[in-house]
Amino acid sequence: MRDEDILAFAKNNRNADDINDEKPEIDISAKETNYGEVDEVFEEFEPEQVLSASEENKVSDDAFGIITTGIDPLEITESGARITGYITTSHRPNVRLGTYVIVPYGDEDLFARIWKLQYLQEFAVDDATEIHSRRMLRSNTTDEVDYKFLAYLDPTCILYEPDGKGAGLSRRMSDRIPRPNTPILPVTDKKKIQTGLNIPDEGIFLGHLSVGGELVKTHAVPPTVPYYLRNDYSMGDPLIFRHMLVCGSTGTGKTFLTKNVLRQFMSEDNRYKLRGSEENRNPCLVIMDPQDEYSQLFEDNPEITDEDEFKFRAENINFGACKNTKTFVAKVKGEAYTGRSRAEQIEFTIPFDMVRNNSWLIAPVGMTELQYAGIDVLLDDYFKKGGKHTYSGFTEFIDDDITRHYYTEETHKIHESSYDGIVRRVKNRAFSRVFDQPARPINEILEQIFKPGQVSVFPTEYITNSRIRDIITLTLMSLIVDNKLSTSGEAAVKETPIILGLDEAHRYLAKAGGEHSRRLISKFADAARQGRKEGLGLFLITQDPQDIDDTIFKQINTRVILNLSNDAAISTMKVKKEFEKRIPYLKKGQMIVQSPDNSDIVEIMGLSRCVVKHV
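Everything quoted here is computed from the prediction, not taken from an experiment.

Conventions used here
Residues numbered from 1 in each chain as written. Predicted model: local features only at pLDDT ≥ 70, side-chain atom pairs only at ≥ 80, totals over all residues. Heavy atoms only, no water. Helix = DSSP H or I, 4+ residues; strand = E, 2+ residues; numbered from the N terminus. Buried < 20%, exposed > 50% of the residue type's maximum accessible area, 1.4 Å probe, protein only. Contact = heavy atoms within 4.5 Å. Areas by Shrake-Rupley, 256 points an atom, 1.4 Å probe, with all protein chains shown as cover. Phe/Tyr/Trp six-rings, centres within 6.5 Å; stacked < 30°, edge-to-face > 60°. Lys NZ or Arg CZ within 6 Å of the ring centre and 35° of its normal. Pairing = 2+ DSSP bridges. Salt bridge = Lys/Arg side-chain N within 4 Å of Asp/Glu carboxyl O. Core = buried A, V, L, I, M, F, W, Y, C linked by side-chain atoms within 4.5 Å.

**Examining the overall build of the chain**
Part 1 of the reasoning: A count of helical and extended segments in the chain gives 21 helices and 23 strands.
Part 2 of the reasoning: Of all 615 residues assigned to the chain, the portion counted as buried reaches 48%.
Part 3 of the reasoning: Sequence separation of 24 or more characterises 71% of the internal contacts of the chain that already satisfy a separation of 6 or more.
Part 4 of the reasoning: Total accessible area on the chain stands at roughly 31900 Å², and carbon and sulfur atoms take up 47% of it.

This is the structure:
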């Protein structure tokens, strides 16, 4: 060792008292350089804010547990995270898969969802023995302190205040890792839940947020968290014009839910824009009703109590009768409609003239391609003739031997076997019962059907023939789409925002099985794509979503999924695996909402009361 080192060592180990005697007082907050100048000022240490005893007890009582690194390391990456929490024995019964939690950073909060639960032994013992199992079977008790109960968190986002002054809450992606031993808290602030899941705080009410069929409760009044569908122009067009699907097996409450949702669109102050117009108008709700249930929108539900009304008003839920409800009844020979409600009834008939541009109305499924082409030729030539065009006149035209000879022998436009097949299929008794009946043609009462603020219901339950029911439904669908897409469409349709409620949608929008089906699907796909511009929203209701054509299905932004037991139907919905597994176990009124432009995918519970009459 060098002499200089020895001297330095001795100097540094002098008696502390001697140092205190000799060393002058200096300011330890600054460091002098060799030149006597102040080089750097140290920041004073500020300890973290200490909670009062009552605040500490409150956090301790509320917290499910703490973030831990004892089992797995804490980890967060751009592709995922590994965050483990220890759940205390008193809170273990309250924790479920899917439970939403908050992990505070101090200035911000991590909003997360529990995706995995796990028990681990606290002590190294072998409990897989005959003696232990018999002892447990006799006592039937488990000491929770003997086990670790772990919850694995899936970060959803980070909640923060952009200006730090309480002006509002925002969210961003999870880019911070929580500290070990940080408390895991239940989410009791309604605003934090809505922001964390990106749920609008106003709009069309669908239900209340739930986890595993149990409503999420907060400290607000009322304590439930309402789920709204965005219905304004702040971020584009209202989502109803990007279309909506409600699907569920028979008996899962589709009609009950649908009545509650559709009623929300019919408030007096709900208005929409139309292209080329500065006027905002109430929508016209048009419902194809195969079970004769939606005309009851005309009547109040007598079972609604004062307590129900208080809850509805607190969360801006529209309830009570839609007095501007009308029932439009197709005149069908041999059938009579009695009706379930006292709503005004207006009869109409379908004129055969409508078949001119909609040949699928009389072209049943099963025709060959040559027959489809042939019927178009026959219709085109028939409508070129002068005079009144009727179904009976068309059948006389194609049943004539001279006509047959002209098309099959002279011009060879239609093969004789195809011609005979067309005649057999077109001469259907069902057609003669529905076309040109003694009532006003539907295309002459459009102003009565498509009125802003009106509910127009088209029941078909009273009709025994399924082909006639399909003709009525397809006629109305064609009327709406043709007039919406045409630049010269009827003003009553063109200038009114329309929400088309189509029950049993899979029957009419099924995957194309022929040329005419493809034409109908193509037309409706165009209507779905242009719905935002033209003010047309499709509200589809079905138990077989897998049968709806893909070109239309892809246009549906909001999907409400009730209980489904069909594997093909479940896989069609393409929801996250953790939600997909829940679908067959959803209780009545419980549903999963998948609406990427509105919120994260969530589970909600519908109302226990119908906002209008439901029998």
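**As for the packing of aromatic side chains**
Part 1 of the reasoning: Scanning all chains against the criterion turns up 24 aromatic pairs.
Part 2 of the reasoning: Summarising the aromatic geometry, the rings of F328 and F458 are spaced 5.4 Å apart at their centres and angled 20° between planes, so their arrangement reads as stacked. Of this pair, F328 sits in strand β16 (residues 325–330) while F458 sits in strand β18 (residues 455–459); the two residues are 130 residues apart in sequence, bridging distant segments of the chain. Here the two residues F328 and F458 agree in accessibility, since each one is buried.
Part 3 of the reasoning: In textbook terms, an aromatic cluster arises when at least three aromatic residues are bridged by ring pairs, as seen for F352, Y382, F383, Y391, F394, F397, F431 and F435.
Part 4 of the reasoning: One residue, K116, lies across the ring of Y152, its end atom 4.7 Å from the ring centre.

**Notes on the side chain of T224**
Part 1 of the reasoning: One can find T224 in the loop between β12 (214–215) and β13 (226–229).
Part 2 of the reasoning: Setting aside chain neighbours within four positions, we find T224 in contact with K190, H208, L215, V216, K217 and E315.

**A word on unusual backbone geometry**
Part 1 of the reasoning: Here the amide bond leading from V221 into P222 is cis, since omega sits at -5°, within 30 degrees of zero.
Part 2 of the reasoning: Notably, D436 is not glycine yet its phi reads approximately 55°, a positive angle.
Part 3 of the reasoning: Locating D436 in the fold gives a position in the loop between α12 (429–434) and α13 (446–449).
Part 4 of the reasoning: Taking relative accessible area as the criterion, D436 reaches 32% and is therefore assigned partly exposed.

**Some thoughts on the pairing of strand β21 (residues 558–561)**
Part 1 of the reasoning: Here β21 shows two buried faces, one formed by T558 and V560 and the other by R559 and I561.
Part 2 of the reasoning: As defined by bridge partners, strand β14 (residues 244–247) adjoins β21 across four bridges and the pair is classed as parallel. Its bridge partner being in β21, L245 is matched across the sheet by R559.
Part 3 of the reasoning: One ladder, built from three bridges, connects β21 with strand β22 (residues 590–594); its direction is antiparallel. Looking across to β22, one finds that V560 is bridged to V593.

**Some details on the pattern of salt bridges**
Part 1 of the reasoning: Counting across every chain of the model gives 34 salt bridges.
Part 2 of the reasoning: Between D109 and K192 there is a salt bridge, with the nearest N and O atoms lying 2.8 Å from each other. Placement of the pair is D109 in strand β7 (residues 109–121) and K192 in helix α5 (residues 190–196), with a sequence separation of 83 residues.
Part 3 of the reasoning: With relative accessibility at 12%, the residue D109 sits in the buried group.
Part 4 of the reasoning: Classification of K192 as partly exposed rests on a relative accessible area of 25%.
Part 5 of the reasoning: Across the salt bridge formed by D175 and R172, the nearest N and O atoms sit 3.0 Å from each other.
Part 6 of the reasoning: Given a relative accessible area of 44%, D175 falls into the partly exposed group.
Part 7 of the reasoning: With relative accessibility at 24%, the residue R172 sits in the partly exposed group.
Part 8 of the reasoning: Connected via shared salt-bridge partners are D107, E108, R172, D175 and R176.

**Some words on the nonpolar core**
Within soluble globular proteins, side chains that are nonpolar tend to cluster in buried spots.
Part 1 of the reasoning: Counting 90 residues, the largest nonpolar core has F352, I362, F394, F435 and F450 as the members making the most contacts within it.
Part 2 of the reasoning: If you tally residues by element for this core, the top one is helix α14 (residues 466–485), at nine residues.
Part 3 of the reasoning: Counting 53 residues, the second-largest nonpolar core is a separate cluster that includes C157, I193, M244 and F539.

**Quick word on the environment of L257**
Part 1 of the reasoning: As for its position among the elements, L257 is in helix α6 (residues 254–264).
Part 2 of the reasoning: Residue classification places L257 among the buried residues on the basis of a relative accessible area of 7%.
Part 3 of the reasoning: For the pair L257 and V246, spaced eleven residues apart in the sequence, the C-alpha separation amounts to 8.8 Å.
Part 4 of the reasoning: If sequence neighbours within four positions are ignored, L257 has contacts with L206, V246, V560, L562 and M591.

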